[in-house]
Amino acid sequence: DGGITQSPKYLFRKEGQNVTLSCEQNLNHDAMYWYRQDPGQGLRLIYYSQIVNDFQKGDIAEGYSVSREKKESFPLTVTSAQKNPTAFYLCASVGRAYQPQHFGDGTRLSIL
Amino acid sequence: GESVGLHLPTLSVQEGDNSIINCAYSNSASDYFIWYKQESGKGPQFIIDIRSNMDKRQGQRVTVLLNKTVKHLSLQIAATQPGDSAVYFCAEEGSSNTGKLIFGQGTTLQVKP
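Residues numbered from 1 in each chain as written. Chains lettered and ligands numbered in written order. Predicted model: local features only at pLDDT ≥ 70, side-chain atom pairs only at ≥ 80, totals over all residues. Heavy atoms only, no water.

### Regarding the overall build of chain A
Working step 1: Looking only at helices and strands, chain A has zero helices and eleven strands in total.
Working step 2: Reading chain A from its N terminus to its C terminus gives the helix and strand order β-β-β-β-β-β-β-β-β-β-β.
Working step 3: Rg of the C-alpha trace for chain A: 13 Å, near the compact-globule value of 13 Å for 112 residues, within the 12% margin.
Working step 4: In terms of overall dimensions, chain A has C-alpha extents of about 40 × 25 × 25 Å along its principal axes.
Working step 5: Expressed as a percentage of the 112 residues in chain A, the buried residues total 48%.
Working step 6: Put simply, 52% of the contacts in chain A that link residues at least 6 apart link residues at least 24 apart. (Helix = DSSP H or I, 4+ residues; strand = E, 2+ residues; numbered from the N terminus. Rg over C-alpha atoms; globule rule 2.2 N^0.38 Å. Buried < 20%, exposed > 50% of the residue type's maximum accessible area, 1.4 Å probe, protein only. Contact = heavy atoms within 4.5 Å.)

Following this line, the structure appears as structure tokens:
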């Protein structure tokens, strides 16, 4: 089955620690996205990548970093500079214009 | 479908009735619109989409209407079922070059048996 796999499902971060969220897709999509979702709110774009080895900041990139070394993978690191990291993180991908983004089932990050 | 703050608008309907979920979008230049359904603890699931050169598009039990004059999008669900209970988001794509989506804040649909 083609799809997007996010891991882990739940993640806990200690103060001062960096944590990395995994996102893997086997849909052969060029573009991948990371969103943050807070309770009762819509999705906000953190970073996106339209091609391997290239990525751009979204609306709320501060305190986050990404890499895109492979087409299938787009990991997100939540750094210690992100002072309010508790949220639901969603990864998505899309193959071409005027197609809907496909989403993974998210990672819920909490602070210990 | 739009709201300010932490409380999502809620639509409560009886099973078997039709549901209409509304969304006001922000960018008059947006040319692609998507409706997603999100169940608790899961990622958004695609329902239906529409391009700006259309006013209406129908799927199985769902219809999307687009009114570009007032920047309004609606999702109609026919014969609503308990499995339709979820949060529904509209999303607009302003530039097909980046694929970036702007999401509304969502509407909670509650279906009463």
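### Some words on unusual backbone geometry
Working step 1: Residue Pro8 of chain A follows Ser7 of chain A across a cis peptide bond; omega there is -10°.
Working step 2: Along the polypeptide, Pro8 of chain A turns up in the loop between β1 (4–7) and β2 (10–13).
Working step 3: In this structure, Asn53 of chain A is a non-glycine residue whose phi angle is positive, near 65°.
Working step 4: At Arg61 of chain B, a residue that is not glycine, the phi angle is positive and equals roughly 65°.
Working step 5: Checked against the element boundaries, Arg61 of chain B lands in the loop between β5 (56–58) and β6 (62–67).

### A short note on the state of the cysteines
Working step 1: Scanning the model with the defined rule gives two disulfides over all chains in all.
Working step 2: Sulfur-sulfur distance for the disulfide between Cys23 of chain A and Cys91 of chain A comes to 1.9 Å. Looking down the S-S bond of the Cys23 of chain A and Cys91 of chain A bridge, the torsion is -75°, so its handedness is left-handed. Of the two residues, Cys23 of chain A sits in strand β3 (residues 19–25) while Cys91 of chain A sits in strand β9 (residues 87–94), which places them 68 residues apart along the sequence. Both residues of the pair, Cys23 of chain A and Cys91 of chain A, count as buried.
Working step 3: Between Cys23 of chain B and Cys90 of chain B runs a disulfide, and the two sulfur atoms are separated by 1.7 Å. Here Cys23 of chain B, found in strand β2 (residues 19–24), pairs with Cys90 of chain B, found in strand β8 (residues 86–93); they are 67 residues apart in sequence, far enough to count as distant.
Working step 4: According to the relative accessible area criterion, Cys23 of chain B is buried, its value standing at 2%.
Working step 5: A residue is classified by how much of its surface remains accessible, and Cys90 of chain B, at 7% relative accessible area, is buried. (Disulfide = S-S within 2.5 Å.)

### What about the nonpolar core?
All names here are of chain A.
Working step 1: Among the nonpolar cores identified, the biggest contains 20 residues, and Leu21, Trp34, Ile46, Leu76, Val78 and Tyr89 are the most heavily contacted of them.
Working step 2: Of all elements in the fold, only β3, β4 (31–37), β5 (43–51), β7 (64–66), β8 (76–78) and β9 reach the threshold of two or more residues within this core.
Working step 3: In contact with Leu76, other than residues within four places in its own chain, are Val19, Thr20, Leu21, Trp34, Ile46, Tyr64, Ser65, Val66 and Tyr89. (Core = buried A, V, L, I, M, F, W, Y, C linked by side-chain atoms within 4.5 Å.)

### Notes on the packing of aromatic side chains
Working step 1: Counted according to the given criterion, the structure contains eleven aromatic pairs over all chains.
Working step 2: Look at Tyr35 of chain A and Phe103 of chain A: their rings are 5.7 Å apart centre to centre, the planes differ by 40°, and that puts the pair in the tilted class. Highlighted residues: Tyr35 of chain A in strand β4 and Phe103 of chain A in strand β10 (residues 102–103), separated in sequence by 68 residues.
Working step 3: On the basis of relative accessible area, Tyr35 of chain A is assigned to the buried category, the value being 0%.
Working step 4: For the ring pair Tyr36 of chain B and Phe103 of chain B, a centre distance of 5.9 Å and an interplane angle of 35° mean the geometry is tilted. With Tyr36 of chain B in strand β3 (residues 32–38) and Phe103 of chain B in strand β9 (residues 101–103), this residue pair connects regions lying 67 residues apart in the sequence. For the pair formed by Tyr36 of chain B and Phe103 of chain B, the shared burial category is buried.
Working step 5: Three or more aromatic residues link up through ring pairs in this structure, and these residues are Tyr33, Tyr35, Tyr48 and Phe103 of chain A together with Tyr36 and Phe103 of chain B.
Working step 6: Against the face of Phe88 of chain A rests Arg108 of chain A, its NZ or CZ located 4.5 Å from the ring centre.
Working step 7: Cation over ring: Arg51 of chain B sits above Tyr98 of chain A, and NZ or CZ is 3.5 Å from the ring centre. (Phe/Tyr/Trp six-rings, centres within 6.5 Å; stacked < 30°, edge-to-face > 60°. Lys NZ or Arg CZ within 6 Å of the ring centre and 35° of its normal.)

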